[in-house]
Amino acid sequence: MILMKDIVREGHPALRTKAEEVKFPLTDEERKLAKDMLQFLKNSQDPEIAEKYGLRSGIGLAGNQINFLKRIFAIHIEQENGEALSFIAVNPKIVSHSAEKTYLPQGEGCLSVDRSVPGYVPRYARITVKFYTLDGEEKKMRLQGLPAICFQHELDHLNGVMFYDHINKEDPFAPIPDAFPLEAESEA
Ligand code: SB7
Ligand code: NI
């Protein structure tokens, strides 16, 4: 099982390395690590398990973050309707995106960053993505809102990019042209 000690932090070269394309079929090790990554996210969002193992809650995790330099990430986002958007993406890419951008008004965080870095992180508001499942099946999806932001955050990790690379250094909260704030979903 993946624990916080397995997640590399700022300063580790894996976070600045471009991960390699995965070849099919995946090895047993690649399959296991990918499944462990998704399980980590589920565990991190379960209050009892998270408390027991000291896990910080996360909605996404990329291979680079566990020093596994292959183009694989996992996303697990509980939605308002109680359903979860949950998948492992192999060799993911953005095939098209909106001109319009969005950002989280509270900024972004990262399991590999043990400090808060304030500022707006501009992201495409809507993206069409393609990726492969662990079994090599091609998937195409349209994402918006938090899932779109998370996909872009994870794809950045595979390219050695950190969320704060996108923050305006002179003025972290400067208005972003053609962007709207994505307000947090109500906790009701
Ligand atoms: C805010 C947080 C995340 C994505 C988008 C906005 C994910 C945080 C967990 N990770 O560090 C995943 O790479
Ligand atoms: Ni991250």
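Report follows, based on the coordinates. (Residues numbered from 1 in each chain as written. Chains lettered and ligands numbered in written order. Predicted model: local features only at pLDDT ≥ 70, side-chain atom pairs only at ≥ 80, totals over all residues. Heavy atoms only, no water.)

### Some thoughts on the overall build of the protein chain
Heads up, the rule is: Strands are runs of DSSP state E lasting at least 2 residues, helices are runs of H or I lasting at least 4, and numbering of each runs from the N terminus. A radius of gyration in this sense is built from C-alpha atoms; the matching globule rule multiplies 2.2 Å by the number of residues raised to 0.38. We call a residue buried when its accessible area falls under 20% of the maximum for its residue type, exposed when it is over 50%, and partly exposed in between, using a 1.4 Å probe and counting protein chains only. Throughout, a residue-residue contact means that at least one pair of heavy atoms, one from each residue, lies within 4.5 Å. Using a 1.4 Å probe, the Shrake-Rupley method yields the accessible areas, and only the shown protein chains count as cover for residues. When charges are counted, neither His nor the chain ends are considered; positive counts come from Lys and Arg and negative counts from Asp and Glu. To locate a charge, take atom NZ for lysine, CZ for arginine, CG for aspartate or CD for glutamate.
Within the protein chain, the secondary structure is distributed over three helices and eight strands. Taking 16 Å as the expected radius of gyration for a compact globule of 188 residues, we find that the protein chain reaches 16 Å, a close match to that expectation. Per-residue burial over the protein chain gives 46% buried out of 188 residues. Looking at the protein chain alone, contacts between residues at least 24 apart form 72% of all its contacts between residues at least 6 apart. When the accessible surface of the protein chain is split by element, carbon and sulfur atoms take 50% of a total near 10100 Å². Taking the 23 positively charged and 29 negatively charged side chains of the protein chain as two groups, their mean positions are separated by 6 Å.

### As for the site of ligand 1
So the rule is basically this: Near is defined per residue: the residue qualifies when any heavy atom it owns lies within 4 Å of the molecule or strand. Identification of polar contacts relies on pairs of N or O atoms within 3.5 Å, with a donor-acceptor requirement for protein atoms, meaning one able to donate a hydrogen and the other able to accept it, and with residues adjacent in sequence counted only if both atoms are side-chain atoms. Under the scheme applied here, ten amino acids are nonpolar (Ala, Val, Leu, Ile, Met, Phe, Trp, Tyr, Cys and Pro), four are charged (Asp, Glu, Lys and Arg), and all others, including Gly, are polar.
In the region of ligand 1, 13 residues are neighbours, and Gly-60, Gln-65, Leu-111, Glu-154 and His-157 sit closest. Take Gly-60: an N or O atom from its main chain is 3.5 Å from a nitrogen atom of ligand 1. His-153 places a polar side-chain atom, nitrogen or oxygen, 3.2 Å from an oxygen atom of ligand 1. Coverage of ligand 1 by the protein amounts to 92% of the 360 Å² it exposes when considered alone. Looking at the shell around ligand 1 element by element, the count peaks at five residues for helix H3 (residues 145-158). Looking at side-chain class alone, the shell around ligand 1 contains six nonpolar, five polar and two charged residues.

### Some details on the coordination of the nickel ion (ligand 2)
Basically, it comes down to this: Nitrogen, oxygen and sulfur within 2.8 Å of a metal are treated as its donors, or within 3.2 Å for sodium, potassium and calcium (Na, K, Ca); water is not counted, so a site can appear incomplete.
Coordination of the nickel ion (ligand 2) by the protein involves Cys-110 (SG), His-153 (NE2) and His-157 (NE2), with metal-donor separations of 2.1 to 2.4 Å. In the primary sequence, the donor residues of the nickel ion (ligand 2) line up as C-x42-H-x3-H. Of the two residues, Cys-110 sits in the loop between strand E4 (101-103) and strand E5 (123-124) while His-153 sits in helix H3, which places them 43 residues apart along the sequence.

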